[in-house]
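Single-letter residue listing:
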Amino acid sequence: MLVLVRHAMPAYGPDRPAEEWPLSPEGRAAAIALRRRLPSGALFVASAEPKAYQTLEPSGEVSIDERFGEVRRDEPFDGDFRARRRAYVDGVAHPGWESHADVTARFGAGIAEWRIKAGDRPLVVASHGMALTGWLTEAIGLADPGEFWADLQLPDAFAVDLSGRRAYRLAE
C-alpha cells in the first residue's frame, strides 16, 4: 500500500523561506489526528522540509528524502500564489520554476526506491501539494490536476493504487 500525505498547516511568513516553515500549533494538532487515518506498521518517509516530516512524526519514526520536496521555484511571498501554483499543476512552465519532468522524475525515483525498502509494509510519504499532484498526474493520469490540487487539505492523505490508476482520500 502506498499513501501520499500532504503536510499539515505550517507557521508561515515572509521572514523565512517556505522550505524552513515548521508546523503551526494547529498543524501539530492536525498531524496528531492524522495518525488515525494512516496504516499501522507503515514505513514513514518525508521531504526534508520541517512541515512535511513534522506531519508524520506523531505516527512514528520518519526517514527523510529530499526527492519528495516541493517544486523548486522563484516565487514571491505575496501576490496571487494560488493562481500561479494552479497554473503550474495544470501544465504551465513558469520561468524560474523546476520543470514538470524533473519533479516527476525525482519524485518517482523516490517512490520506486522506498517501495522496495518497504517490502510488504505500507509506505507513507509526506510531501507537498504541487509535487505530489505532478507525480500523481504522471503516475495515474489525474483527469483535472488543478482541481485535485485546489481540493487538497492541510493535511491530507491518499491511498494510491498504481495498477488501477487511481487515488482515493483516506477517510477521517
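Caption draft 1: Summary view of the pattern of salt bridges. The final tally for this structure, using the stated rule, is 15 salt bridges. With a closest N to O distance of 4.0 Å, D90 and R86 form a salt bridge. Judged by relative accessible area, D90 falls into the partly exposed class, the value being 44%. Residue classification places R86 among the partly exposed positions, given a relative accessible area of 28%. A salt bridge links D161 to R166; the nearest nitrogen and oxygen atoms lie 3.7 Å apart. For D161, a relative accessible area of 24% translates into the label partly exposed. Each of R37, D151, D156 and R169 takes part in salt bridges that share partners, so that together they form one network.

Caption draft 2: Layout of the packing of aromatic side chains. The final tally for this structure, using the stated rule, is five aromatic pairs. Aromatic side chains F148 and F158 sit 5.0 Å apart centroid to centroid with 50° between the ring planes, which places their arrangement in the tilted category. In this pair, F148 sits in helix α6 (residues 145-151) while F158 sits in strand β5 (residues 156-161), placing the two residues ten residues apart along the sequence. Considered together, F148 and F158 belong to a single accessibility category, that of buried residues. Members of the aromatic cluster, joined through ring pairs, are F68, F107 and W135. In this arrangement the basic side chain of K117 is found over the ring face of W114, its NZ or CZ atom lying 4.2 Å from the centre.

Caption draft 3: A look at helix α3 (residues 81-89). Burial in α3 covers these residues: R85, Y88 and V89. The buried residues of α3 occupy one face: seen down the axis, they fall within an arc of 95°. Residues of α3 that are buried make contact with α4 (100-118), α5 (129-140) and α6. Positive backbone phi, approximately 115°, marks G91, located one or two places after α3.

Caption draft 4: Quick peek at the environment of D144. In this fold, D144 is placed in the loop between α5 and α6. Residue D144 is classed as partly exposed on the basis of its relative accessible area, which comes to 40%. Separated by 55 residues in sequence, D144 and V89 have C-alpha atoms that sit 9.3 Å apart. What D144 contacts, discounting residues up to four positions off in sequence, is R86 and D90.

Caption draft 5: Broad picture of the packing of α4 against α5. As a packed pair, α4 and α5 sit with axes 9 Å apart at the nearest point and diverge in direction by 85°. Between α4 and α5, the angle is such that the two are roughly perpendicular. Of the residues in α5, those touching α4 at V103, T104, F107, G108 and I111 are A131, L132, G134, W135 and E138. Tallied by class, residues from the contact of α4 with α5 come to six nonpolar, three polar and one charged.

Caption draft 6: Broad picture of the sheet that holds β5. Judged by pairing direction, the sheet is mixed, and its six strands sit side by side in the order β3-β2-β4-β1-β5-β6 without closing on themselves. Each edge of the sheet is formed by a strand with only one pairing partner; in this case those strands are β3 (62-64) and β6 (166-169). Looking at each pair of strands side by side, their axes are set apart by 25° on average, direction ignored. In this sheet, β5 lies alongside strand β1 (residues 2-6) in antiparallel orientation, the contact comprising five bridges. Note on β5: the bridge partner recorded for V3 is A159. Packing against the sheet, α5 makes contact with β1, β4 (123-127), β5 and β6, and its axis sits at approximately 145° to β1.

Rules of the game
Each chain carries its own residue numbering, running from 1 in the direction its sequence is written. Thresholds applied to this predicted model are a pLDDT of at least 70 for local features of residues and 80 or more for the giving and counting of side-chain atom pairs; totals over whole chains, interfaces and linings are not thresholded and use all residues. As a convention, hydrogens and water are excluded, and side-chain values are obtained from all of the structure's heavy atoms. The working definition used for a salt bridge is a side-chain nitrogen of Lys or Arg within 4 Å of a carboxyl oxygen of Asp or Glu. Burial here depends on accessible area, computed with a 1.4 Å probe over protein chains only, as a share of the maximum for the residue type. Under 20% is buried, over 50% is exposed, and the range in between is partly exposed. Aromatic pairing here means that ring centres of Phe, Tyr or Trp (its six-membered ring) are within 6.5 Å. Orientation follows from the plane angle: under 30 degrees is stacked, over 60 is edge-to-face, and everything else is tilted. By the criteria applied, helices consist of DSSP H or I runs no shorter than four residues and strands consist of E runs no shorter than two, each listed in order from the N terminus. For a lysine, the NZ atom is tested; for an arginine, the CZ atom; a charge sits over a ring if that atom is within 6 Å of the ring centre and within 35 degrees of the ring normal. Relevant arc is that of directions from the helix axis to the C-beta atoms, nothing else. Every residue pair with non-hydrogen atoms within 4.5 Å of one another is taken to be in contact. Here an angle of 0 to 180 degrees is reported between the N-to-C directions of two axes, which are lines fitted to C-alpha atoms, with helices fitted over the stretch in contact. Any angle that falls under 35 degrees is termed roughly parallel, while one over 145 is termed roughly antiparallel, one within 65 to 115 roughly perpendicular, and all others oblique. Ten residues, namely Ala, Val, Leu, Ile, Met, Phe, Trp, Tyr, Cys and Pro, are considered nonpolar, four, namely Asp, Glu, Lys and Arg, are considered charged, and the remaining ones, Gly among them, are considered polar. In this analysis, strands are considered paired if DSSP registers two or more bridges between them.

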